[in-house]
Amino acid sequence: QEELVESGGGLVQAGGSLRLSCVASGRTFSGYGLAWFRQAPGKEREFVAAIRYNAGMTYYADSVKGRFTISRDSAKNTVNLQMNSLKPEDTAIYYCAAGRPIMSTVRRTESYYYWGQGTQVTVSS
């Protein structure tokens, strides 16, 4: 069962843009916080961005601030990640996640208990 499914990854040149989407299947996550994480080969899974259940507050890793934008659409039961000015170091598998973290733990993988299977993003030099 895959209740969160990511799409939109691919190969893009440095400086280009991609828009990732994550759609919930079989249930709604309107009452959950949603987040994006990424994992590069040989690296730990790291936080990218998060958005509260009411879309009233967003959080970003320092490495993506000013370049990435997270948003959600409750009507479509989706969370999106607009990625601009992509860099080779953004190359990773990107995962969406859902949970109910307290504010101090929104950046931790342990705070989320629903995960998608991931979508590959590759940025060439």
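Conventions used here
- Residues numbered from 1 in each chain as written.
- Predicted model: local features only at pLDDT ≥ 70, side-chain atom pairs only at ≥ 80, totals over all residues.
- Heavy atoms only, no water.
- Helix = DSSP H or I, 4+ residues; strand = E, 2+ residues; numbered from the N terminus.
- Rg over C-alpha atoms; globule rule 2.2 N^0.38 Å.
- Buried < 20%, exposed > 50% of the residue type's maximum accessible area, 1.4 Å probe, protein only.
- Contact = heavy atoms within 4.5 Å.
- Areas by Shrake-Rupley, 256 points an atom, 1.4 Å probe, with all protein chains shown as cover.
- Lys, Arg positive; Asp, Glu negative; His and termini not counted.
- Charge placed at Lys NZ, Arg CZ, Asp CG, Glu CD.
- 1 Å grid on protein atoms, 1.4 Å probe; cavity = no way out; pocket = protein on both sides within 12 Å on 5 of 7 lines; lining within 4 Å.
- Points joined across faces, edges and corners; volume = space filled by probe spheres on them.
- Nonpolar A, V, L, I, M, F, W, Y, C, P; charged D, E, K, R; others polar.

Trainee: Quick question: what am I supposed to make of the overall build of the protein chain here?
Mentor: Secondary structure assignment for the protein chain yields zero helices and eleven strands. For a compact globule of 125 residues, the expected C-alpha radius of gyration is about 14 Å, and the protein chain comes in at 13 Å, within 12% of that figure. Projected onto the principal axes, the alpha-carbon positions of the protein chain cover approximately 40 × 30 × 25 Å. By residue count, 43% of the 125 residues in the protein chain fall in the buried class. Partitioning the contacts of the protein chain with sequence separation of at least 6, the portion at a separation of at least 24 is 58%. Counting only carbon and sulfur atoms, one obtains 47% of the accessible surface of the protein chain, whose full area is about 6500 Å². Both charge centroids of the protein chain, one from 14 positive and one from 10 negative side chains, sit 6 Å from each other.

Trainee: Quick question: what am I supposed to make of the layout of surface pockets here?
Mentor: The gaps left among the atoms become clear once a water-sized probe is rolled over them. In this structure, the largest pocket occupies an estimated 170 Å³ of space. Around the largest pocket, the lining comprises 16 residues; the ones closest to its centre are Gly33, Arg52, Tyr53, Pro101 and Val106. Among the elements of the structure, β4 (33-39) and β5 (46-51) are those that each provide at least two residues to the lining of the largest pocket. Residues that form the lining of the largest pocket fall into these classes: eleven nonpolar, three polar and two charged.

Trainee: Please clarify how the environment of Gly16 should be interpreted in this entry.
Mentor: In this fold, Gly16 is placed in the loop between β2 (10-13) and β3 (18-24). A residue is classified by how much of its surface remains accessible, and Gly16, at 18% relative accessible area, is buried. Counting along the chain gives 55 residues from Gly16 to Ser71, while the straight-line C-alpha distance between them is 19 Å. In this structure Gly16 touches Met83, Asn84, Ser85 and Leu86, once residues within four positions along its chain are discounted.

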